[in-house]
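One-letter residues, chain by chain:
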Amino acid sequence: MGIAATFTLLLVAGNYWVQNLPDNLYQEKYLAYEIPTMRSAGQAEEKLEDDFKNKNWDSVTKSVSLGDQNRKNLFLAGVSYFELEDYSNAQKYLSKIIDINGSETEKLFEDETDYYLFLSYLRSEKYQDAKLLMKKISADPNHTYYDSFDFGDRIKLSAMGVFKPKSEISKK
């Protein structure tokens, strides 16, 4: 009887630990993006940057369409959607930058896009996608966020796939 109770307790504690891993890993890794001071091309871009700096996320997202080819605008919109917890749109805008960078010589916002896309996948419980991006970032010593992950982070992310995500449990 004691062994079964101990096993059950360990199983419950392990499940609780794994269920809280995404939030814990997110809290450890989240960095608010701050726009570096850049020379703007015009008033529209200055307004977009000002809205972003002032955390006017809705205004930023309304100012940029997915058809936009300006990677800075797409990045600011993607991060704004992320801040609004609209991870689906964040992923669309950030993925668009990756698509554009694939056909351009100059890879703008490449490292930042990888990192915020990783965070977006983590928050939307797409752990396999998050794991692939973490692997990509960790494999490139020149990546801006190379030192952001350690072996323990890879273990945590792998453990997240063991149990059902919180969203599936809370639906019941």
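Everything discussed here concerns the structure shown above.
The rules behind the values
Residues numbered from 1 in each chain as written. Predicted model: local features only at pLDDT ≥ 70, side-chain atom pairs only at ≥ 80, totals over all residues. Heavy atoms only, no water. Helix = DSSP H or I, 4+ residues; strand = E, 2+ residues; numbered from the N terminus. Areas by Shrake-Rupley, 256 points an atom, 1.4 Å probe, with all protein chains shown as cover. Phe/Tyr/Trp six-rings, centres within 6.5 Å; stacked < 30°, edge-to-face > 60°. Buried < 20%, exposed > 50% of the residue type's maximum accessible area, 1.4 Å probe, protein only. Axes fitted to C-alpha atoms, helices over the stretch in contact; angles between N-to-C directions. Parallel < 35°, antiparallel > 145°, perpendicular 65-115°, else oblique. Left-handed = near helix turned anticlockwise from the far one by under 90°. Contact = heavy atoms within 4.5 Å. Nonpolar A, V, L, I, M, F, W, Y, C, P; charged D, E, K, R; others polar. Core = buried A, V, L, I, M, F, W, Y, C linked by side-chain atoms within 4.5 Å. Salt bridge = Lys/Arg side-chain N within 4 Å of Asp/Glu carboxyl O.

*Asks:* Sorry, what's going on with the overall build of the protein here?
*Replies:* If you tally the helices and strands in the protein, you get 9 helices and 0 strands. Of the regular secondary structure in the protein, the N- to C-terminal order runs α-α-α-α-α-α-α-α-α. Looking at the protein as shown, the accessible area adds up to about 10300 Å², and 53% of this sits on carbon and sulfur atoms.

*Asks:* Help me out: how do you make sense of the packing of aromatic side chains in this one?
*Replies:* The full count for this structure, using the stated rule, is 11 aromatic pairs. Taking 5.2 Å as the distance between ring centres and 75° as the angle between the ring planes, the aromatic pair formed by phenylalanine 52 and tryptophan 57 counts as edge-to-face. A single burial state applies to phenylalanine 52 and to tryptophan 57, both of which are buried. A ring pair is formed by tyrosine 115 and tyrosine 145, whose centres lie 4.2 Å apart and whose planes are at 10°; its orientation type is stacked. Remark: tyrosine 145 occurs in the loop between α7 (127–139) and α8 (151–159) and tyrosine 115 occurs in helix α6 (residues 110–123); sequence separation between them is 30 residues.

*Asks:* Could you clarify how one ought to interpret the packing of α7 against α8 in this entry?
*Replies:* Helix-helix packing is described using two parameters, namely the angle between the two axes and the distance between the axes. At a minimum axis distance of 9 Å, the contact between α7 and α8 shows a crossing angle of 165°. With respect to α8, the element α7 is oriented roughly antiparallel. Pair α7 / α8 crosses with left-handed handedness. In this structure, α7 contributes Tyr127, Ala130, Lys131, Met134 and Ser138 to the contact, and α8 contributes Asp153, Arg154, Leu157 and Ser158. Per-class residue counts for the contact of α7 with α8 are 4 nonpolar, 2 polar and 3 charged.

*Asks:* Would you take a moment to explain the nonpolar core for this structure?
*Replies:* Soluble globular proteins: nonpolar side chains tend toward being buried together. If you look at the biggest cluster of nonpolar residues, it comprises 37 residues, and the most contacted ones within it are Tyr33, Phe52, Phe75, Leu76, Tyr116, Phe118 and Leu157. Broken down by secondary-structure element, the contributors of at least two residues to this core are α2 (43–53), α3 (57–63), α4 (71–83), α5 (87–102), α6 and α7. Filtering out sequence-adjacent residues up to four positions away, tyrosine 33 remains in contact with Phe52, Phe75, Leu76, Val79, Phe109, Glu112 and Tyr116.

*Asks:* Is there a simple way to think about the packing of α5 against α6 in this case?
*Replies:* At their nearest, the axes of α5 and α6 sit 9 Å apart, and the two run at 150° to each other. By the angle class used here, α5 and α6 are roughly antiparallel. For the pair α5 and α6, the sense of crossing is left-handed. Across the interface between the two elements, Tyr87, Ala90, Gln91, Leu94, Ser95, Ile97, Ile98 and Asn101 of α5 pack against Glu110, Thr113, Asp114, Tyr116, Leu117, Ser120, Tyr121 and Arg123 of α6. Residue composition of the contact of α5 with α6, grouped by class: 8 nonpolar, 5 polar and 3 charged.

*Asks:* I tried to follow the pattern of salt bridges on my own but got confused; where do I start?
*Replies:* Side chains that differ in charge, positive against negative, can pair when their charged atoms come close. According to the stated counting rule, one finds 3 salt bridges in the structure shown. Of the charged contacts, one joins lysine 47 and aspartate 51 as a salt bridge, the two residues approaching to 2.9 Å between their closest N and O atoms. With lysine 47 and aspartate 51 both in helix α2 and 4 residues apart, this pair spans about one turn of that helix. Relative accessible area serves as the criterion here: at 7%, aspartate 51 is assigned to the buried category.

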